[in-house]
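The chain contents come next:
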Amino acid sequence: MKLAAWNVNSLKVRLPQLLDFLATRQPDAVCLQETKLTDDNFPVAELEAAGYRVAFAGQKTYNGVALVSRSELTDVSVGIPGYEDEQKRVIVATVDGVRLVCVYCPNGQSLDSDKYPYKLAWFDALAAWLKDELARHPKLAVLGDYNVAPEDRDVHDPEAWKDSVLVSAPERDRFRNLLALGLQDSFRLFEQPEKTFSWWDYRMMGFRRNHGLRIDHILLSAPLAAACTAASIDRDMRKLERPSDHAPVVAEISLPA
DNA sequence: ATGGCGCCACATTGGCGA
């Protein structure tokens, strides 16, 4: 089972690239973030024509998440249960016996922004819910844009980024809280090239200079981590014309049929 | 010292992302 997560930064703009990604990489399921589409504008027909089923939760202008899967999506739900939030950041479904949680975690903007405490509280609500969800679904994956670079090796210039949003200690604590639930960072299950990132600033030739961060992750519960055979970041997608600022992250899992 | 790109919307500038 090949899983991917990709912050598309507008599905309207990136739909041709997504269709090409599905055709060439042949993932079984993809979790999308920042679709920036209301549900009435979601490209259902195009994705179904490509052989995929879809589940989505969008809003105007900002946020928006979706699941794209070859197999049927069952038990779909939107949002963190019991956590009131207008922002469409979570959608979850079961695919071939695997629970897929698609997340677009808040950015936080800056440490002195109102959005920063919202981010921390949001992560606390996510962790509390995932604890229950893991108990119900041992085979569980949490995929998406976490807006946290977990360690200094996930940052192109740790000194320059020190104590800023996306790397601050409270944010990294929240990420570690997710790991403490029994989830594992699939990327780190394998040896990886140094300075591998998943996001690069559009400005200042960020990609060419590899001025990036690794903030998109696929976390796996123990049974899935044990079955994980590969994990990578598809940085070729960042080389395309009109790219998203994020590259897809990928994990392959070998489950018994 | 600042902003630098890209996307969106009751648009021709500002909010937001990261």
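Everything numeric in this text was worked out from a predicted model, so none of it was measured.

A closer look at the overall build of chain A
- A tally of regular secondary structure across chain A gives six helices and 14 strands.
- Whereas a compact globule of 257 residues would reach a radius of gyration of roughly 18 Å, chain A reaches 17 Å, a difference of no more than 12%.
- Dimensions of chain A, computed from C-alpha atoms along their principal axes, come out at roughly 45 × 40 × 40 Å.
- Only carbon and sulfur atoms are counted for the fraction: they give 49% of the accessible area of chain A, which is about 11600 Å².
- Placing the 31 positive and 37 negative side-chain charges of chain A at their respective mean positions leaves the two points 3 Å apart.

Regarding the protein's contact with DNA strand B
- Around DNA strand B, 23 residues are found, and the nearest of them are Ser10, Asn107, Asn147, Trp199 and Met204.
- Atoms of DNA strand B within 4 Å of the protein: sugar and phosphate make up 71%, bases the balance.
- One of the side-chain N or O atoms of asparagine 107 is found 3.2 Å from a base nitrogen in DNA strand B.
- Of the residues contributing to the surface near DNA strand B, the split by class is eight nonpolar, eight polar and seven charged.

A closer look at unusual backbone geometry
- Its identity is not glycine, yet asparagine 147 carries a phi of approximately 55 degrees, on the positive side.
- Secondary-structure assignment places asparagine 147 in the loop between strand 8 (140-145) and helix 4 (158-161).
- Positive phi values are uncommon outside glycine, yet methionine 205 reaches one of about 55 degrees.
- Of note, methionine 205 is situated in the loop between strand 10 (199-200) and strand 11 (212-213).

So, the packing of helix 3 (residues 115-136) against helix 5 (residues 169-180)
- In the contact formed by helix 3 and helix 5, the axes pass within 10 Å of each other and the chain directions differ by 10 degrees. It follows that helix 3 is roughly parallel to helix 5 by the angle criterion. Contact residues: helix 3 offers Tyr116, Lys119, Leu120, Phe123, Asp124, Leu126, Ala127 and Leu130, while helix 5 offers Pro170, Glu171, Arg174, Asn177 and Leu178.
- Of the residues assigned to the contact of helix 3 with helix 5, the class counts are eight nonpolar, one polar and four charged.

Some points on the sheet that holds strand 7 (residues 98-104)
- Read across the sheet, six strands follow the order 5-6-7-8-12-9 without closing on themselves; strand pairing throughout is mixed. Single-partner strands in this sheet number two, and they are strand 5 (74-78) and strand 9 (184-185).
- Relative to strand 7, strand 6 (residues 90-95) runs antiparallel, the two sharing six bridges. The residue bridging threonine 94 from the neighbouring strand is arginine 99, located in strand 7.
- Helix-sheet contacts for helix 3 involve strand 6, strand 7 and strand 8, and the interaxial angle to strand 7 is about 175 degrees.
- Set on the sheet, helix 5 makes contact with strand 9 and strand 12 (216-220); between it and strand 12 the angle comes to about 25 degrees.

Structural notes on the packing of aromatic side chains
- In this structure the tally under the stated criterion is six aromatic pairs.
- Where tryptophan 122 meets phenylalanine 123, the ring centres are 5.7 Å apart and the plane angle is 80 degrees; that geometry is what we call edge-to-face. Phenylalanine 123 carries the same exposure label as tryptophan 122, and that label is buried.

A look at the UniProt feature "binding site: Mg(2+)" (unreviewed entry) in chain A
- Residues annotated in UniProt with the feature "binding site: Mg(2+)" (unreviewed entry) correspond here to Asn7, Glu34, Asp145, Asn147, Asp245 and His246. Judged by maximum C-alpha separation, these annotated positions cover 240 residues in sequence but sit close together in space, the widest gap being only 12.8 Å.
- Tracing the sequence through the fold places aspartate 145 in strand 8.
- Setting aside anything within four residues of it in sequence, one finds aspartate 145 in contact with Asn7, Gln33, Val103, Tyr104, Cys105, Ile215, Asp216 and His246.
- Position of aspartate 245 relative to the elements: it lies in the loop between strand 13 (228-233) and strand 14 (249-253).
- Overall, the relative accessible area of 13% leaves aspartate 245 in the buried class.
- In contact with aspartate 245, not counting residues within four places along its chain, are Asn9, Ser198, Trp199, Trp200, Tyr202 and Arg238.

Criteria and thresholds
Residues numbered from 1 in each chain as written. Chains lettered and ligands numbered in written order. Predicted model: local features only at pLDDT ≥ 70, side-chain atom pairs only at ≥ 80, totals over all residues. Heavy atoms only, no water. Helix = DSSP H or I, 4+ residues; strand = E, 2+ residues; numbered from the N terminus. Rg over C-alpha atoms; globule rule 2.2 N^0.38 Å. Areas by Shrake-Rupley, 256 points an atom, 1.4 Å probe, with all protein chains shown as cover. Lys, Arg positive; Asp, Glu negative; His and termini not counted. Charge placed at Lys NZ, Arg CZ, Asp CG, Glu CD. Near = heavy atom within 4 Å. Polar contact = N/O pair within 3.5 Å; in protein donor to acceptor, adjacent residues only side chain to side chain. Nonpolar A, V, L, I, M, F, W, Y, C, P; charged D, E, K, R; others polar. Axes fitted to C-alpha atoms, helices over the stretch in contact; angles between N-to-C directions. Parallel < 35°, antiparallel > 145°, perpendicular 65-115°, else oblique. Contact = heavy atoms within 4.5 Å. Pairing = 2+ DSSP bridges. Phe/Tyr/Trp six-rings, centres within 6.5 Å; stacked < 30°, edge-to-face > 60°. Buried < 20%, exposed > 50% of the residue type's maximum accessible area, 1.4 Å probe, protein only. UniProt positions renumbered as here; feature names shortened; annotations may be inferred.

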